[in-house]
Amino acid sequence: MAFYEYVSEEQLTGFDMYKYSAVDSNPLSVYVMHPFWNSVVKFLPTWLAPNLITFTGFIFLVLNFLMLTFFDYDFYASAPDHVHVPSWVWIVAGLLNFIAYTLDGVDGKQARRTNSSTPLGELFDHGLDSWACVFFVVTVYSIFGRVEAGAGVGVRTLYYILWVVLFSFILSHWEKYNTGVLFLPWGYDISQVTMSLVYIVTAVVGVETWYAPIFMSFHYRDLFTIMILGCAFTVTLPMSLYNVFKVYRKNKLKFSSFYESFLPFLSPVLLFILSTLWVCLSPSDIIEKQPRVFYFMVGTAFANITCKLIVCQMSKTRCQPLSWLLLPMALVVLVILSGLAQHYETLILYVWTAAVALAHIHYGVCVVHQLSGHFNIYAFSLKKPSTD
């Protein structure tokens, strides 16, 4: 693979001066999970690199996604009168999700324990977290599945729920871009513990349990939607705005103009507009035919945009207004909406999704390679490179 230096000299200089600053005020995290993670990290060998822990946790999430892709590709498996996902799959999904969450919690502690904390470690951790958002949402969706006999969640509804989760994630890094402090969102820990438990409960009681209404016409699918939207709009968003407002009142915001402060949202909003136009105006109703692939494409493109924001945020450099990935995507959407490729829309989606995934992987590999060389470290080993 040809390596390209995505990180500029100005950003490298910013990384050299970077100091980690984060606030975690979530009671679940502070009083339950951190004590648990402090116990777990003691069992890890001191030669184990923190980035390897981070990557292993991410791979577990990908395995969850691939496992449910095999058993429930089109999200109909949980619907009545369909062959359901085996119970053992839900148990494995719950265990993998919780293990991934645990590894995400102990990687930083392992870094401090082995005196191997670097800006690359934080970038690698948060970069993979941005990609993990789509795997979380799409995998848990299989529990409820599509709307059928009033029991599921529509694929269009899930598309907008996915975007709520994605914007909730980027809010934290928008905060840090403006304040210099990463305020860890409360919703993350709550959602991870809840999802892990829901997987296990589903294995015990069966997906049929989620068909029954909780009260009158209020179903579990409605609770699933309300929990995500409620957490985003009553916890994550208000706390983000409050944290930024506190810094604003102290006149310590990094950017004084409204435009510069909200610049990180430009590319994600444009991505949302382009993908939503595709969903709403698709000649072949692509979101109904290929929802899983479409979700993955959107989530991967979002992760690429977010990773570039995290690089700017950590290096204290200006966020670029537009991600180059949006230009070819705009052309793809234009071709689709023109009707010229109506019979090849699914093929175009697959090709474009592959292109987005390869571009993102190339970006990630190159940035890790570049920063590893800059800091004279190995990304996945605590051994020091030879100076010969």
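Remember, predicted model here, so these are calculated numbers, not experimental data. (Residues numbered from 1 in each chain as written. Predicted model: local features only at pLDDT ≥ 70, side-chain atom pairs only at ≥ 80, totals over all residues. Heavy atoms only, no water.)

A.B. asks: Quick question: what am I supposed to make of the overall build of the chain here?
C.D. replies: If you tally the helices and strands in the chain, you get 14 helices and 4 strands. What you see for the chain is a C-alpha radius of gyration of 21 Å, in line with the 21 Å of a compact globule of 388 residues. Reported as C-alpha extents along the three principal axes, the dimensions of the chain are approximately 65 × 55 × 50 Å. Buried residues in the chain amount to 52% of all 388 residues. When contacts within the chain are restricted to residue pairs at least 6 apart in sequence, long-range pairs at least 24 apart make up 83% of them. Element-wise, carbon and sulfur atoms account for 69% of the exposed surface of the chain, whose accessible area totals about 18,200 Å². On the chain, the mean spot of the 21 positive side-chain charges and the mean spot of the 23 negative ones are 10 Å from each other. (Helix = DSSP H or I, 4+ residues; strand = E, 2+ residues; numbered from the N terminus. Rg over C-alpha atoms; globule rule 2.2 N^0.38 Å. Buried < 20%, exposed > 50% of the residue type's maximum accessible area, 1.4 Å probe, protein only. Contact = heavy atoms within 4.5 Å. Areas by Shrake-Rupley, 256 points an atom, 1.4 Å probe, with all protein chains shown as cover. Lys, Arg positive; Asp, Glu negative; His and termini not counted. Charge placed at Lys NZ, Arg CZ, Asp CG, Glu CD.)

A.B. asks: Help me out: how do you make sense of the side chain of Thr-69 in this one?
C.D. replies: Here Thr-69 is to be found in helix α3 (residues 50-71). Overall, Thr-69 belongs to the buried group, its relative accessible area being 18%.

A.B. asks: Can you walk me through the nonpolar core in this structure?
C.D. replies: Generally speaking, a soluble globular protein has its nonpolar side chains buried in company with each other. Trp-278, Phe-294, Tyr-295 and Met-297 are the most contacted members of the largest nonpolar core, which totals 97 residues. With sequence-adjacent residues up to four places away left out, Trp-278 is seen in contact with Ile-286, Phe-294, Met-297, Val-332, Val-333, Ile-336, Leu-337, Glu-345, Leu-349 and Trp-352. Formed by 9 residues, the second largest nonpolar core is a distinct cluster that contains Trp-37, Leu-48, Ile-53 and Val-106. (Core = buried A, V, L, I, M, F, W, Y, C linked by side-chain atoms within 4.5 Å.)

A.B. asks: Explanation requested: the packing of helix α5 (residues 119-144) against helix α14 (residues 345-375) in the structure shown.
C.D. replies: Direction vectors running N to C along α5 and α14 enclose 170°, while the axes themselves pass 10 Å from each other. One element, α5, and the other, α14, form an angle in the roughly antiparallel class. Across the interface between the two elements, Pro-119, Leu-120, Leu-123, Phe-124 and Trp-131 of α5 pack against His-360, Ile-361, Val-367, Val-368, Leu-371, Ser-372 and Phe-375 of α14. Broken down by class, the residue content of the contact of α5 with α14 amounts to 10 nonpolar, 2 polar and no charged. (Axes fitted to C-alpha atoms, helices over the stretch in contact; angles between N-to-C directions. Parallel < 35°, antiparallel > 145°, perpendicular 65-115°, else oblique. Nonpolar A, V, L, I, M, F, W, Y, C, P; charged D, E, K, R; others polar.)

A.B. asks: Is there a simple way to explain helix α7 (residues 186-205) in this structure?
C.D. replies: Each full turn of the α-helix corresponds to 3.6 residues, which orients residues three or four apart in the same direction. In a regular helix each residue adds 1.5 Å, so 20 residues correspond to 28 Å; α7 covers 29 Å between its end C-alpha atoms and thus fits that length. When α7 is considered as a whole, its buried residues turn out to be Gly-187, Asp-189, Gln-192, Met-195, Ser-196, Tyr-199, Thr-202 and Ala-203. Looking at the buried positions of α7, the neighbouring elements they touch are α2 (27-41), α4 (87-113), α5 and α8 (220-249). In the stretch just after α7, Gly-206 is the one whose phi turns positive, near 85°. (Expected span 1.5 Å × (residues − 1).)

A.B. asks: It is not clear to me how the pattern of salt bridges should be interpreted in this structure. Could you clarify?
C.D. replies: For the structure on display, the rule yields 5 salt bridges. The partner of Glu-122 in a salt bridge is Lys-176, and the shortest N-O contact between them spans 2.9 Å. With Glu-122 in helix α5 and Lys-176 in helix α6 (residues 155-179), the pair connects residues that are 54 residues apart, well separated along the chain. (Salt bridge = Lys/Arg side-chain N within 4 Å of Asp/Glu carboxyl O.)

A.B. asks: I would appreciate a short explanation of empty space enclosed by the protein in the present structure.
C.D. replies: Left-over empty space is what a probe sized like a water molecule reveals as it rolls over the atoms. In this structure the tally under the stated criterion is 2 cavities of 30 Å³ or more. Forming the boundary of the largest cavity are 14 residues, of which Gly-57, Phe-58, Leu-61, Asp-104 and Asp-129 lie nearest the centre. For the lining of the largest cavity, the elements supplying multiple residues, two or more each, are α3, α4 and α5. For the lining of the largest cavity, the element with the highest residue contribution is α5, accounting for 5 residues. Counted by class, the lining of the largest cavity contains 9 nonpolar, 2 polar and 3 charged residues. Around the second largest cavity, the lining residues are Leu-61, Asn-64, Asn-97, Phe-135, Phe-136, Thr-139 and Tyr-199. Ranked by the residues each element gives to the lining of the second largest cavity, the list is headed by α5, at 3 residues. (1 Å grid on protein atoms, 1.4 Å probe; cavity = no way out; pocket = protein on both sides within 12 Å on 5 of 7 lines; lining within 4 Å. Points joined across faces, edges and corners; volume = space filled by probe spheres on them.)

A.B. asks: Which parts of the structure should I look at to understand the packing of aromatic side chains?
C.D. replies: For any pair of aromatic rings, geometry is given as the distance between the ring centres together with the angle between the planes. Considering all chains together, one arrives at 36 aromatic pairs under this definition. Measuring from centroid to centroid gives 5.6 Å for Phe-124 and Phe-380, while their planes differ by 75°, and the two rings are edge-to-face. Highlighted residues: Phe-124 in helix α5 and Phe-380 in the segment after α14, separated in sequence by 256 residues. On the accessibility criterion, Phe-124 (11% relative accessible area) is buried. For Phe-380, a relative accessible area of 40% puts it in the partly exposed group. The rings of Phe-36, Trp-37, Phe-98, Tyr-101 and Tyr-188 are connected pair by pair, giving a single aromatic cluster. Just above the ring of Tyr-177 sits the side chain of Lys-254; from NZ or CZ to the centre is 5.7 Å. (Phe/Tyr/Trp six-rings, centres within 6.5 Å; stacked < 30°, edge-to-face > 60°. Lys NZ or Arg CZ within 6 Å of the ring centre and 35° of its normal.)

Remember, this is a structural readout, not a statement about activity or role.
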